[in-house]
Amino acid sequence: MNGDAVKHLLASPVSFLADSGPDEDIAISSRIRLARNLRGYPFPCAAAEEQLNEVCELVTAAADASGSLGCPDCFSFDMAKIPVIDREILLERRLASREFVDHPQGARLLVKSDESCSIMINEEDQLRIQVLAPGFQLDKVWKTIDTLDDELSSHLDYAFDDQLGYLTCCPTNVGTGMRASVMLHLPGLVMTNKITATIHGINKLNLAVRGIFGEGSDNQGNLFQVSNQVTLGETESGIIESLTQVIRQLITHEKAARLRLLERDQASLLDHVGRSYGILRHSYKLSSKEALNCLSGLRMGVDMGLFNNVDIHRVNEMFLAIHPAHLQKNAGRNLSSAERDVVRAAYCRTQLAK
Amino acid sequence: MLCDKCKKKEATIHVKKVAGGKIESLHLCADCAREKEEQGVLGALGFNLAEVLFNLGEIAKPRSAEDAGGASESADPGITCPVCGWNTEKLQSSNGRLGCPECYRSFSEIIGDALNRIQRGRMHIGKRPDKTDPLLNTAALRIEITRTRKKLAELVRREEYEKAAVCRDKLNVLNGKLKKLEEQEVPGER
C-alpha cells in the first residue's frame, strides 16, 4: 500500500505547485505548521516505543474521524517501514522534515492525496500539522488548518497551559505552536545586490529567512522562505497579519528590482534568462545547483512574459522533479551523482521540448 | 557589554567554550544569537541551542558566576522532572528539548528566563483547544488593547480611515470586555 501511495503521489500533480494562487509570479507557496502534543504522554524524544505507537494510533483515529484528513482521501506512511528513497521523496515534496526522515522509528506521516494537508506524527512534537497552498494566501491556509486543528482537538486531549498556551517540546514553539511561512522567488533582489540588506531588515522584525529546505539550507535557486519566529505573546491572526505586511512589501521590492533591471540593464537580464533557458533546453549534464539556478532564471523570464511557450506551473514542478530522490524514483534505480546529472539534463530537455 | 556581532545591542547571551586549554568567548544579543543558531554557526563551534537558550551547563556559565570566580557551577544543577525523569543534562544534550508537558513546571525558572529573551511575552493570547475566548484575562486583554491602540494610530497616520474605523470598533469591544472583567475580579487578585 505504501509503495503504491508513493507512486500515486509521484504521478499526481502537487497542488501547491501545479495550481494557481495569488501573487504566484513571486510567491510560490504559503504554509502553516502547528505543533501539538497530547496530555499525559512524554514528548517523542523522551518516549518509549510503546508510547510512540499509542500516540500514532490515537492521532490516526482522530484524523480518520476528521472531515479534512479522513480516509479514503488520505495516505498513511509508517516511516520505519518504507524504503529510504521513499522517505527522501516525502522530504523533497516538503511533506516531511529532515529530522522526521532521519528518525523514522515510531514516526508516521498522514497525507491528503492532493498533498495540501499532512500530519507528521512523532517528529519533534507528537503532531506537526501542515497545510500548504499555492501562491500567497496565508489567511486561507490559516482557515483550513484552524478547522483541521479543531476537528483533531475534539478527539484528542492536547497538552495546553492557560498561561503558556500549547506546550511544545522546544520552548521556541510554545504558545501558538505556529510557524507560518511563504516561499518567495527573489532573483531581482539577488541580481541587484539588495538581498543581504533585505534579509537583515527582515531579521530585525523578528522574522526568519531560510533557504528552500528550511534551517541550514542556503538560497539555492533564489528561493527564500520567510517565517515568524515568535510564538508566544501574540495571537495567530496577529502573527499572520505582521508576516503578510512584510511579504507584501517584499513582493513590491522584488517587482521594483525586476523593473529596474529591465530599464537599466536590459541586455544583462535578457542574457541571464536566455542562457538559463539555453542550458536547460540543450545541456547533457546538469548538477542540482546549476539546474536550480537556471530554473530560477527561466521562471523570472516566464513571470516577465518573455516566454509564451512555457507554463509557470511546469517550471514549478521542474523545481521539484530535478531533486535526487525524484530522479532516482522516476528512473526506477539508484543513480550515482554523475548519472543523476545526465538524467537531470535529459529530463529538463524533454520538459522544455514539450 | 555590547554584542560581539552587531556591536549595537546589549549582549544578553554569553557562551564560553573550553577546547585544548583555550577559552573561546562569545557575547551576543538575542537577535544575533538566533541568527547564528539558524546558520548552524553555533553548532559548528560546539555550542548548542540549549546553551544559548538556557545559559546551561559547565561550558556555558552565567556571567555572574564567572565574574564571582565560580569555577564549575552550572546555571541549574540537578533539576529533574518528577514525571518523565528529564534532567538538565538531557536538556543540554537534546539541543534544548524538554521531556514532557510537565517539564515546563519542573524547569520553570530557566524556561522563564529563556522565554523572556526569545518570545514577545509570557502570556498566550492565541487560540485555545476549548475554543473559549483567548482574551479571558485582564493581562491578555491589556496586551491586545495596547497593540490595537498602536495599530489604530498607525492606520490614522496612513489615512486609511475605513480600516481605522474597524480597528476603533475592535478597541471599543476590547475596552468593554476589560471593564467587565475588572468589575468581576476580586480586588487584590491579578
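Just above sits the structure.
Because the structure is predicted, anything quoted here is derived from the model rather than measured.

Caption draft 1: Expanded view of the sheet that holds strand E1 (residues 27-36) of chain A. All names here are of chain A. Here eight strands make up an open sheet; going across it, the order is E2-E3-E4-E5-E1-E8-E10-E9 and the pairing antiparallel. Of all the strands in the sheet, just strand E2 (74-78) and strand E9 (207-210) have a single pairing partner and so form its edges. Within this sheet the neighbouring strands show an average axis-to-axis angle of 20°, counted without direction.

Caption draft 2: Structural view of the nonpolar core. Residue and element names in this part refer to chain A. Membership of the largest hydrophobic core comes to 52 residues, with the highest contact counts inside it found for Ile32, Ile119, Leu127, Ile129, Leu152 and Leu184. No other element matches the eight residues that helix H9 (residues 236-264) contributes to this core. Not counting chain neighbours up to four residues away, the residues in contact with Ile32 comprise Ile129, Gln130, Val131, Leu138, Val141, Trp142, Ile145, Met178, Arg179, Ala180 and Ile240. One finds Leu295, Val302, Cys348 and Leu352 within the second-largest nonpolar core, a separate group that totals 31 residues.

Caption draft 3: Summary view of the interface of chain A and chain B. Opposite the 47 residues of chain A that make contact, chain B presents 33 residues. Linking chain A to chain B there are seven salt bridges. Measuring nitrogen to oxygen at the nearest pair gives 2.7 Å for the salt bridge that ties Arg97(B) to Glu99(A). Across the contact surface, chain A and chain B share 19 residue pairs in polar contact (both at pLDDT 80 or more). Looking at the side of chain A that touches chain B, the elements that each hand over two or more residues are helix H6 (138-153), strand E7 (165-166), E9 and H9 of chain A. At five residues, H6(A) tops the list of elements feeding residues into the side of chain A that touches chain B. Partitioning the side of chain A that touches chain B into residue classes produces 21 nonpolar, 15 polar and 11 charged.

Caption draft 4: Focus on the packing of H6(A) against H9(A). All names here are of chain A. The N-to-C vectors of H6 and H9 enclose an angle of 155°; their axes lie 10 Å apart at closest approach. By the angle class used here, H6 and H9 are roughly antiparallel. Considering how the two elements wind past one another, H6 and H9 form a crossing that is right-handed. Side by side, H6 and H9 meet where Leu138, Asp139 and Trp142 of the first sit next to Glu236, Ile240, Leu243 and Thr244 of the second. The residue inventory of the contact of H6 with H9, partitioned by class, reads four nonpolar, one polar and two charged.

Caption draft 5: A look at the packing of aromatic side chains. All names here are of chain A. Enumeration according to the criterion identifies three aromatic pairs over all chains in this entry. Measuring from ring centre to ring centre gives 5.0 Å for Tyr277 and Phe307, while their planes differ by 35°; the resulting arrangement is tilted. Pair noted here: Tyr277 is in helix H10 (residues 266-282) and Phe307 is in the loop between helix H11 (288-303) and helix H12 (312-321), with a separation of 30 residues, a long-range link. On the basis of relative accessible area, Tyr277 is assigned to the buried category, the value being 19%. Among the aromatic residues, ring-to-ring pairing joins Tyr158, Phe160 and Tyr166 into one connected group. When the ring centre of Tyr284 is taken as reference, the NZ or CZ atom of Arg349 above it lies at 3.8 Å.

Thresholds, definitions, all that
Residues numbered from 1 in each chain as written. Chains lettered and ligands numbered in written order. Predicted model: local features only at pLDDT ≥ 70, side-chain atom pairs only at ≥ 80, totals over all residues. Heavy atoms only, no water. Pairing = 2+ DSSP bridges. Helix = DSSP H or I, 4+ residues; strand = E, 2+ residues; numbered from the N terminus. Axes fitted to C-alpha atoms, helices over the stretch in contact; angles between N-to-C directions. Core = buried A, V, L, I, M, F, W, Y, C linked by side-chain atoms within 4.5 Å. Buried < 20%, exposed > 50% of the residue type's maximum accessible area, 1.4 Å probe, protein only. Contact = heavy atoms within 4.5 Å. Salt bridge = Lys/Arg side-chain N within 4 Å of Asp/Glu carboxyl O. Polar contact = N/O pair within 3.5 Å; in protein donor to acceptor, adjacent residues only side chain to side chain. Nonpolar A, V, L, I, M, F, W, Y, C, P; charged D, E, K, R; others polar. Parallel < 35°, antiparallel > 145°, perpendicular 65-115°, else oblique. Left-handed = near helix turned anticlockwise from the far one by under 90°. Phe/Tyr/Trp six-rings, centres within 6.5 Å; stacked < 30°, edge-to-face > 60°. Lys NZ or Arg CZ within 6 Å of the ring centre and 35° of its normal.

These results come straight from atomic positions and should not be treated as a statement about function.
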